[in-house]
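Structural features, examined
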Amino acid sequence: MSLVRTTDDHFQLRDGETLLEGLERTGHQVEYQCRSGYCGSCRIPLVYGKVAYKEQPLAYVGPGEVLPCCCTVLEPIMVDCQRIARIQEEAEDQFGFTGLNP
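Residues numbered from 1 in each chain as written. Predicted model: local features only at pLDDT ≥ 70, side-chain atom pairs only at ≥ 80, totals over all residues. Heavy atoms only, no water.

What follows covers the overall build of the protein. When helices and strands are counted, the protein shows two helices and seven strands. Reading the protein from its N terminus to its C terminus gives the helix and strand order β-β-α-β-β-β-β-β-α. Nonlocal contacts in the protein, meaning residues at least 24 apart in sequence, comprise 48% of its contacts between residues at least 6 apart. (Helix = DSSP H or I, 4+ residues; strand = E, 2+ residues; numbered from the N terminus. Contact = heavy atoms within 4.5 Å.)

This is the structure we're talking about:
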């Protein structure tokens, strides 16, 4: 199992679980389309740590970025990603409404 830290939480990846699946399981907001490294829409900032790819993704991965759909976490990492509940709380504070539908 690998330790993953995010902007406002931390969790352990389960055996065989992709980083994207772990982020979804723990309620984090991550955009995605293909789930296999082709499109790059799941790209998120990697604050620290190291990941690897079994096969080089077709989507561009720049320095300090990671594709959570297809990477393997090699050591404890931190990614810049928030839980959905946290995003909702910030919207409520900023716009003064409860939930996603005002």
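Moving on, there is more to tell.
This part covers the pairing of strand 3 (residues 44-48). Alignment of strand 3 against strand 5 (residues 65-66), held across two bridges, turns out to be antiparallel. Across the sheet, the residue bridging to Pro-45 is Glu-65, located in strand 5. Sheet topology places strand 3 next to strand 7 (residues 77-79); two bridges connect them, and they run antiparallel. In the strand pairing of strand 7, Tyr-48 is matched with Met-78. (Pairing = 2+ DSSP bridges.)

This part covers unusual backbone geometry. For residues other than glycine, phi is negative in most cases, and the peptide bonds are mostly trans. One non-glycine residue, Arg-35, lies in the positive phi region at around 65 degrees. Inspection of the secondary structure assignment puts Arg-35 in the loop between helix 1 (19-25) and strand 3. The exposure class assigned to Arg-35 is partly exposed, which follows from its relative accessible area of 34%. (Buried < 20%, exposed > 50% of the residue type's maximum accessible area, 1.4 Å probe, protein only.)

Turning next to the packing of aromatic side chains. Here the structure, examined in full by the defined rule, presents zero aromatic pairs. Over the face of the ring belonging to Tyr-32 we find Arg-35, whose NZ or CZ atom lies 4.1 Å from the ring centre. (Phe/Tyr/Trp six-rings, centres within 6.5 Å; stacked < 30°, edge-to-face > 60°. Lys NZ or Arg CZ within 6 Å of the ring centre and 35° of its normal.)

Before going further, it helps to spend a moment on the side chain of Ser-2. Topologically, Ser-2 is positioned in the segment before strand 1 (3-5). A polar atom in the side chain of Ser-2 sits 3.5 Å from the backbone oxygen of Val-73. Leave out the neighbours within four places in its chain, and Ser-2 touches Phe-11, Gln-12, Leu-13 and Val-73. (Polar contact = N/O pair within 3.5 Å; in protein donor to acceptor, adjacent residues only side chain to side chain.)

Throughout the structure, instances matching the rule amount to four salt bridges. One salt bridge in this structure joins Arg-35 and Glu-24, with 2.6 Å as the shortest N-O distance. Of the two residues, Arg-35 is situated in the loop between helix 1 and strand 3 and Glu-24 in helix 1; the sequence distance between them amounts to 11 residues. Judged by its relative accessible area of 30%, Glu-24 falls in the partly exposed class. (Salt bridge = Lys/Arg side-chain N within 4 Å of Asp/Glu carboxyl O.)

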